[in-house]
Amino acid sequence: MSQDPMDFEWSYWIEWGRERILWLLAGHLLVSQVSRLLMEKYKPWCLMIYGMAACWLLLGIKGFAVILLHATISFAVAQFQLSLLTWLCSLILLSTLRIPAVEEAKRKWYDTENEYYLLLFTVSVRCLFCTSFSLEYCWHGPAQKSSHSFLWMLAYVFYYPMFHNGPLMNFDEFSKQMRRQEAFSLKTNLGILIVGVIRIFFWWCLAELMIHLMYIHALYSSAQPLEAASYWALGGLALAQVLFFYVKYLVLYGVPALLLQMDGLKPPALPCCVSLMHSFTKMWRSFDVGLHRFLVRYIYVPMGGSQSSPLGMLFSTALTFAFVSYWHGGQSYLWYWGALNWLGVIVENGVKRILSISLIQDLI
């Protein structure tokens, strides 16, 4: 039975996973468990070297050099300890991914378009990791600078399970957990691995069933069936789309989350089922937890957040969604998507504030 070919993201990562990435993740697991067993103290550096080797193998020397250059520039700019300068540097580095001449030059490095896209996706995610490290460097005092060395930045940026597609973990969480040395039990880890693999296999089977039987994305790519469908059918298609998106990310984030557990780290929570969501705010908080923590810590709170005036909160929320739209690619449809999400969050918060007024509560 043929599958729906229109979901690029699923087809792309499954193909790369089967070809190389799963094998490289298995290699990371082996290095991690051996280093935890024999030399726990040097685990971050063993994993860093492995991540750099995996990057070199998959993206080539030029792809590896681009990521190393981004990290070096970010670290150099962070030495000024100015958050605004760090953000400016991050946005400029991110903008280089959208310059046509640079895109064309990078395409020539690879034989296939898929290899170029792997570099593009990887560098986009690495930009967030570089930003997280640099801002933490700006915010910490001289006494903590040893834990924010360039070596620790490389250990963070080249940590392989989160390398190509996330999930995102802020540097302060990563470094605290990676430094923590705790009792290691191979038997316990084996149990976690077996249960985790069974769960991920179940989610993968479910996603494959959906993509082979439902053809949601193929239906969306043609206007004719959508125009002929009733409003109830369109609602059902929309629900099916977001449910598939949810199951897809259980797999795409489930694999690295399992490896983080095996490394003794606590991964960001996996996405919440969209059928349990009833608000924009909850959707943003509990679907991509790592990205939400990044946005709150580095954009929303520094810009005032919920502690500022209503106008300040509107601005900090707008800035957060503007960054999300730009980071995802900055195409016009993404700006519309970001604006609608911003509007949804603002309306919800506005209604909550109105309902919290004692007079309204008495009326209710």
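Taking an unreviewed UniProt entry as the reference, the protein is identified by name as HHAT palmitoyltransferase belonging to Baryphthengus martii. The UniProt entry for the protein carries the following text under Sequence similarities (unreviewed entry): "Belongs to the membrane-bound acyltransferase family. HHAT subfamily." Here the protein is described in UniProt, under the heading Subcellular location (unreviewed entry), as follows: "Endoplasmic reticulum membrane".

1. Brief notes about the nonpolar core
Core analysis: the biggest nonpolar cluster contains 91 residues, and F158, F174 and F323 have the highest contact counts within it. In terms of domain composition, this core takes at least three residues from each of domain 1 (8-180) and domain 2 (269-363). If sequence neighbours within four positions are ignored, F174 has contacts with W152, A155, Y156, Y159, M162, M169 and L265.

2. A few points about the pattern of salt bridges
On inspection of all chains with the given rule, the structure shows seven salt bridges. The residue E173 makes a salt bridge to R293 at a minimum N-O spacing of 3.3 Å. Of the two residues, E173 sits in helix α7 (residues 171-179) while R293 sits in helix α13 (residues 289-300), which places them 120 residues apart along the sequence. Residue R293 is classed as partly exposed on the basis of its relative accessible area of 35%.

3. Here's the deal with unusual backbone geometry
Going from G166 to P167, the amide bond is cis rather than trans, its omega being 5°. Here P167 shows up in the loop between α6 (150-157) and α7. The backbone of Q81 shows a phi angle near 55°, a positive value even though the residue is not glycine. Here Q81 is to be found in the loop between α2 (43-78) and α3 (83-95).

The rules we used
- Residues numbered from 1 in each chain as written.
- Predicted model: local features only at pLDDT ≥ 70, side-chain atom pairs only at ≥ 80, totals over all residues.
- Heavy atoms only, no water.
- UniProt positions renumbered as here; feature names shortened; annotations may be inferred.
- Core = buried A, V, L, I, M, F, W, Y, C linked by side-chain atoms within 4.5 Å.
- Buried < 20%, exposed > 50% of the residue type's maximum accessible area, 1.4 Å probe, protein only.
- Domains from an automatic or database assignment.
- Contact = heavy atoms within 4.5 Å.
- Salt bridge = Lys/Arg side-chain N within 4 Å of Asp/Glu carboxyl O.
- Helix = DSSP H or I, 4+ residues; strand = E, 2+ residues; numbered from the N terminus.

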